[in-house]
Amino acid sequence: MKDICIYGFGIHGIRIYYLLKEKNISIKCFIDRDENKQGYAIDGLQCINFRNISLLDRESTILIVAISNSQNLISEFKNMGFLNVYDKNYIYDNCNNLLSVSKPLCDIDKLENIKIELERAIYKNEKLTLMNEEVQSLLYDYLKRKEKMNL
């Protein structure tokens, strides 16, 4: 099971917390750089210091960046090695589908690379080898989700 942490203990972070709570999705903690927010809690979930982010598992933690202009911070988290980092807008747009998603959220990044390779092979008119069923299923799931997000 993946731990979900929300970066940003402001209006968006709290809205996302309650949105996920309505879907019975548990949150591990809040994270914020603002020292005035650290130590406060909602439903017993504390807001931890940004420096403590290094204690989180980079592979299994899902980080939701719930601030405006989040792209720089998302890049920073990915450069730190976190595999599952999402913008607040992704959660707002996809919250209703979070429980019905059959594949882990981290598959999207892996599948983007597969899709790029497939597009390259098609562009170069190379013969494609048959993909195994799991890869085909992941690619289909990715394309379906990407279409829903209108990316």
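Preceding this paragraph is the structure being described.
This section reports on the structure supplied with the text. (Residues numbered from 1 in each chain as written. Predicted model: local features only at pLDDT ≥ 70, side-chain atom pairs only at ≥ 80, totals over all residues. Heavy atoms only, no water.)

## Quick word on the packing of aromatic side chains
Let me state the cut-off plainly: Ring pairs shown here join Phe, Tyr and Trp side chains whose ring centres sit within 6.5 Å, with only the six-membered ring taken for Trp; geometry is labelled stacked below 30 degrees between planes, edge-to-face above 60, and tilted in between. Per the convention used, a helix needs a DSSP run of H or I reaching at least four residues, while a strand needs a run of E reaching at least two, with both numbered from the N terminus. Here, a charge over a ring is recorded when the distance from Lys NZ or Arg CZ to the ring centre is within 6 Å and its angle to the ring normal is within 35 degrees.
Scanning all chains against the criterion turns up 8 aromatic pairs. Seen in terms of ring centroids, Tyr 7 and Phe 50 are 6.0 Å apart; in terms of plane orientation they differ by 85°. Their pairing is edge-to-face. Of this pair, Tyr 7 sits in strand β1 (residues 3-7) while Phe 50 sits in the loop between β4 (45-49) and β5 (61-65), placing them 43 residues apart in sequence. Ring pairs connect the aromatic residues Tyr 7, Phe 50, Phe 77 and Phe 82, which therefore count as one cluster. The aromatic ring of Phe 50 is capped on one face by Arg 33, whose charged end is 3.8 Å from the ring centroid.

## Considering the nonpolar core
The following threshold applies: To qualify as a nonpolar core, a set must consist of buried Ala, Val, Leu, Ile, Met, Phe, Trp, Tyr and Cys residues joined through side-chain atoms within 4.5 Å. For each residue, the accessible area found with a 1.4 Å probe, counting protein chains only, is set against the maximum for its type, and the residue is called buried under 20%, exposed over 50%, and partly exposed in between. Contacts between residues were defined by any pair of non-hydrogen atoms, one from each residue, lying within 4.5 Å.
Judged by nonpolar contacts, the single largest core of 18 residues is most densely connected at Ile 6, Leu 20, Phe 30 and Ile 64. Listed by contribution, the elements that provide at least two residues to this core are β1, α1 (11-22), β4, β5 and α3 (88-94). The element contributing the most residues to this core is α1, with 3 residues. The contact partners of Ile 64, leaving out residues within four places of it in the chain, are Ile 4, Cys 5, Ile 6, Tyr 7, Ile 16, Leu 20, Tyr 86, Lys 88 and Ile 91.

## Observations concerning the state of the cysteines
Let me state the cut-off plainly: Two cysteine sulfurs form a disulfide in these notes if their separation is within 2.5 Å.
Scanning the model with the defined rule gives 0 disulfides in all. For Cys 5, which is in no disulfide, the shortest distance to another cysteine sulfur is to Cys 29 and amounts to 3.4 Å.

## Points about the side chain of Thr 61
How we decide: Under this definition, polar contacts are N or O atom pairs within 3.5 Å; protein pairs additionally need one hydrogen-donor-capable and one acceptor-capable atom, and for neighbouring residues in sequence, both atoms have to be side-chain atoms.
Its place among the elements puts Thr 61 in strand β5. At a separation of 2.7 Å, a polar atom in the side chain of Thr 61 contacts the main-chain carbonyl oxygen of Asp 57. The contact partners of Thr 61, leaving out residues within four places of it in the chain, are Asp 3, Cys 5, Leu 56, Phe 82 and Asn 84.

## Observations regarding the pairing of strand β6 (residues 84-87)
Heads up, the rule is: Viewed with both strands pointing away, a crossover whose connecting path from the first strand over the helix to the second turns clockwise is right-handed.
Burial of β6 is two-sided: the residues Asn 84 and Tyr 86 facing one way and the residues Val 85 and Asp 87 facing the other way are all buried. Read as a crossover between parallel neighbours, the route from β5 over helix α2 (residues 71-79) to β6 is right-handed.

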